[in-house]
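# Summary of the model geometry
Chain by chain, the residues:
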Amino acid sequence: MATPAAKQRGLRVVVVGDPGTGKSSLIVALAANQYPVTPPRVVPPTRLPVDLFPERIPITVVDTSSSEGRTAELITECQAADAVVLTYACDSPETLDRLSSFWLPKLRSCQVKVPVIVAGCKLDLKDEQQGDLAQAVEPIMQSFGEIETCIECSALRQIQVGEVFFYAQKAVIYPTAPLFDQNIEALTSRCISALKRIFILSDHDMDGALSDAELNEFQIRCFDTPLQPAEIVGVKKAVKEKMPEGVNVNGLTLTGFLYLHALFMEKGQVQTTWTVLRNFNYDNDLKVRADPIPKIAPDQTLELTNEAVDFLRGIFKMFDMDNDGALLPAELEGLFSTAPENPWSSNPYKDCAENNVLGDLSLEGFLSKWALMTLLDPANSFSNLKYVCYPGDFSSAFTITRKRRVDRQKQKTQRNVIQCYVFGPRGAGKTALLQSFLGRQHSDTPTARSERFAANVVELCDDTRKKLVLREIPEVDISSLLSKKESLAPCDVAAFVYDSSDELSWQKAKEMLVQVATHGENTGYSVPCLIVACKDDLARSPLALQESIRVSQDMGMETPIPISVKLDGLNYIFCRIVHAAQKPHLSIPETEAGKARRRYNRLLNRSLMVVSVGVVAVVGIAACRIYAARKNTSS
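Computed from a predicted structure; not experimentally measured.

So, about the overall build of the protein. What the protein contains, in helices and strands, is 23 helices and 21 strands. Relative to its length of 635 residues, the protein is extended, with a C-alpha radius of gyration of 35 Å against a globular reference of 26 Å. Across its three principal axes, the protein shows a C-alpha extent of roughly 110 × 80 × 60 Å. Burial statistics for the protein: of 635 residues in total, 48% are counted as buried. Across the protein, contacts joining residues at least 24 apart in sequence account for 71% of those joining residues at least 6 apart. Accessible area for the protein stands at about 31500 Å²; split by element, carbon and sulfur atoms hold 53% of it. Treating the 70 positive side-chain charges of the protein as one cloud and the 76 negative ones as another, the clouds have centres 11 Å apart.

What follows covers the confidence of the model for the protein. On average, residues of the protein score 90 in pLDDT, and 91% of them reach the 70 mark or higher. Model confidence for the protein, summarised as mean pLDDT per element, is weakest for helix α1 (residues 4–9) at 58 and strongest for strand β16 (residues 417–423) at 98.

Attention shifts here to the sheet that holds strand β11 (residues 251–253). Pairing in this open sheet of three strands is antiparallel, and the strands run β9-β11-β10 from one edge to the other. Only two strands of the sheet have a single neighbouring strand rather than two, namely β9 (209–210) and β10 (247–248). Taken together, the two bridges between β10 and β11 define a ladder with antiparallel strand orientation. Looking at the pairing, V247 lines up with L252 of β11. Its contacts with the sheet put helix α10 (residues 254–266) on β9 and β11, and the angle it makes with β11 is roughly 75°.

Next up on the list: the packing of helix α7 (residues 189–202) against α10. Taken N-terminus to C-terminus, the directions of α7 and α10 make an angle of 130°; their axes are 10 Å apart at the nearest point. On the basis of the axis angle, α7 is oblique to α10. When you trace α7 past α10, the crossing you get is right-handed. Residue-level contacts link I192, L195, K196, I198 and F199 of α7 to L254, F257, L258 and H261 of α10.

Moving on to helix α12 (residues 306–319). For α12, spanning 14 residues, the distance from its first C-alpha to its last is 20 Å, which sits close to the expected 20 Å at 1.5 Å a residue. A308, F311, L312, I315 and F316 are the residues of α12 that are buried. Along the long axis of α12, the arc covered by the buried residues comes to 140°, so they all point the same way. Residues of α12 that are exposed and point more than 90 degrees away from the buried face comprise N306, D310 and K317.

A few words on the sheet that holds strand β6 (residues 147–152). Read across the sheet, six strands follow the order β2-β3-β1-β4-β5-β6 without closing on themselves; strand pairing throughout is mixed. Bordering the open sheet on either side are β2 (46–48) and β6, each of which pairs with just one other strand. Direction aside, the axes of adjacent strands within the sheet are offset by 25° on average. Contacts between helix α3 (residues 71–79) and the sheet are confined to β1 (11–17) and β3 (59–63), with β1 contributing the most and set at about 140° to the helix.

A few words now on the packing of helix α4 (residues 93–109) against helix α5 (residues 133–143). Close contact between α4 and α5 brings their axes to 11 Å; oriented N to C, the two are set at 20°. Viewed along their axes, α4 and α5 adopt a mutual orientation that is roughly parallel. Between α4 and α5 the crossing geometry is right-handed. From α4, L96, S100, L104 and R108 reach across to α5, where they touch A136, V137, I140 and S143. Counted by class, the contact of α4 with α5 contains five nonpolar, two polar and one charged residues.

Taking burial as the measure, the seven residues of β16 include seven buried ones, the bulk of the element. Across the two faces of β16 the burial is the same, with V417, Q419, Y421 and F423 and I418, C420 and V422 all buried. For β16 and strand β18 (residues 465–472), the ladder comprises six bridges, and the chain directions are parallel. The residue bridging Y421 from the neighbouring strand is R471, located in β18. Both β16 and strand β19 (residues 493–499) contribute to a ladder of four bridges, which runs parallel. Bridging across to β19, C420 finds its partner in V493.

Now for the pairing of strand β20 (residues 529–534). In terms of burial, β20 is a largely internal element, six of the six residues being buried. Where burial is concerned, the two faces of β20 agree: the one with C529, I531 and A533 and the one with L530, V532 and C534 are both buried. Across six bridges, β19 lies against β20 in parallel orientation. Each bridged residue has a counterpart across the sheet, and for F496 the counterpart in β20 is I531. One crossover worth recording links β19 to the parallel β20 by way of helix α20 (residues 503–523), and it is right-handed. Across two bridges, β20 lies against strand β21 (residues 561–562) in parallel orientation. The partner of A533 across the bridge, within β21, is P562.

Bringing the environment of M318 into the picture now. Looking at the secondary structure, you find M318 in helix α12. Along the sequence, M318 and V527 sit 209 residues apart, while their C-alpha atoms lie 41 Å from each other.

Below, the discussion takes up the packing of aromatic side chains. Two aromatic rings are characterised by how far apart their centres lie and by the angle between their planes. Taken as a whole, this structure holds 20 aromatic pairs when the rule is applied. Ring centres 5.8 Å apart and planes at 50° place the aromatic pair F53 and F166 in the tilted group. Residue F53 is found in the loop between β2 and β3, and its partner F166 is found in helix α6 (residues 161–173); the two are separated by 113 residues along the sequence. Residue classification places F53 among the buried positions, given a relative accessible area of 10%. Here the aromatic cluster, defined as three or more aromatic residues joined through ring pairs, consists of F316, F336, W344, F366 and W370. In this structure, R471 is placed above the aromatic ring of Y421, and the distance from its NZ or CZ to the ring centre is 4.7 Å.

About the thresholds
Residues numbered from 1 in each chain as written. Predicted model: local features only at pLDDT ≥ 70, side-chain atom pairs only at ≥ 80, totals over all residues. Heavy atoms only, no water. Helix = DSSP H or I, 4+ residues; strand = E, 2+ residues; numbered from the N terminus. Rg over C-alpha atoms; globule rule 2.2 N^0.38 Å. Buried < 20%, exposed > 50% of the residue type's maximum accessible area, 1.4 Å probe, protein only. Contact = heavy atoms within 4.5 Å. Areas by Shrake-Rupley, 256 points an atom, 1.4 Å probe, with all protein chains shown as cover. Lys, Arg positive; Asp, Glu negative; His and termini not counted. Charge placed at Lys NZ, Arg CZ, Asp CG, Glu CD. pLDDT = per-residue confidence, 0-100. Pairing = 2+ DSSP bridges. Axes fitted to C-alpha atoms, helices over the stretch in contact; angles between N-to-C directions. Parallel < 35°, antiparallel > 145°, perpendicular 65-115°, else oblique. Left-handed = near helix turned anticlockwise from the far one by under 90°. Expected span 1.5 Å × (residues − 1). Arc of directions from axis to C-beta. Nonpolar A, V, L, I, M, F, W, Y, C, P; charged D, E, K, R; others polar. Right-handed = clockwise from strand over helix to strand, strands pointing away. Phe/Tyr/Trp six-rings, centres within 6.5 Å; stacked < 30°, edge-to-face > 60°. Lys NZ or Arg CZ within 6 Å of the ring centre and 35° of its normal.

Here it is as structure tokens:
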């Protein structure tokens, strides 16, 4: 089954190799079905008949010159190719040596990352004492995994000319490299992950084996033809002979399923495995083709539905093998073993959620990571839901939140995931605040100047629970962030952190507050803001205290909230953040420019109202006069 993209645009196969190895003769012999008596130095791009091969995909063959003056052109053609045919002359061993000493390293250095077919031309001139092809090319294939196939041909005798380009087409449509590692002669880890997921989706009764009925249903889905009972018996018998654990009383096990596909690879039947993968919507990178994400406004977000959360709770419990309410690293890897990779192995997800005292991921931490991934990258979140075998579609997994502007008009929010941007100068206590939110100890060591996230559950006084995401904005990144018009659109509330013992720290935090407030006023994405006075365990700066209170009053905000990550339980500050987000019409800072603009708009509106009233009065008087005149005339 060819990919739709390949059928639509066709394939481009570029032929390269040393001069005199038979490149042009090979192309002419294929296109004209005869050997050229005087082949041209370089054949113009040649479009092969669509019906030449069973897949019926248009193929354009591009000849190249290996002369020094046309090196740039050759590189450009190779970089635009879908596959490369690399030729050598069977009667010239030195041209074979040049494959590994020059051509293949050259292609790599030029970032040509496409399948390579090695074609030994002039087979009719080969000396019988030159040895077997496999023996000659095996060392080259081991060193260069991009080589899909090696084949010998003769343009003069019309021997395997078509096969060269058939294998080139096949290498593009059914590439071996993503599925099978030639060096270790085993399925790749990504291929195993994909096939494991397919096995689980096909194992409807979830007994760890494919029964005869499940095998037959799988066969019909992938190949549009049923298996006869004798064929099913034959398959299981063949597997059991080579791998006893591949079959049990219930049917074909995962081990047996993987063994069958490894066998397909060894026999060159790579298209069989690709047919299976594409029927389960995998692309050439062994990633599931995601459903299109609906377009949303900048101030809208996506959240997991209750259905999706219930599914995630279920798979968490399934992989919590020791039933301790947390996932060990090995258990988490097992959960994502059906995905191309663990999506949380790097930032921003690696350390963004709370672990238990043993360092294992709790259920709340697990769900918090999913909430964060959905907030930041919903397409990736949905892909990974599919990888862990979520059965529903996009609409069953996600809900779209209301626009924040509408929330502000209605003076409440319906969001279950609140995002708070945490601003503040270096050393103010931003990282310590995030660490305490995850139940981790404060560290006095300087932190890296990089953005980080912390996601956890906040329990409110009314026993409701909200997911809160704290996003730390490094001081050096503020200008870059605010250079984008919609940068504050995803933000539900902003917290401005400063060191309460340091007047300079407050001055910097105030400047950031004014920057953010100004940006919100200019773009229409104003957000509720809080001032957080950190390090309350230290001696306060009187000037910073007085100034912060004055600024909060002048800008129409709550008074600064004092905290100490060393002394206090901090749940109240996180509740305050959530409460501020739940009342999106309050605590929105107003700058002097914003106040002046508001006064001007009020004055303008009053003027328009006076003008409107005046116009109505004039029109009314005129109407009365016309009415009186008509009445007098009629009498």
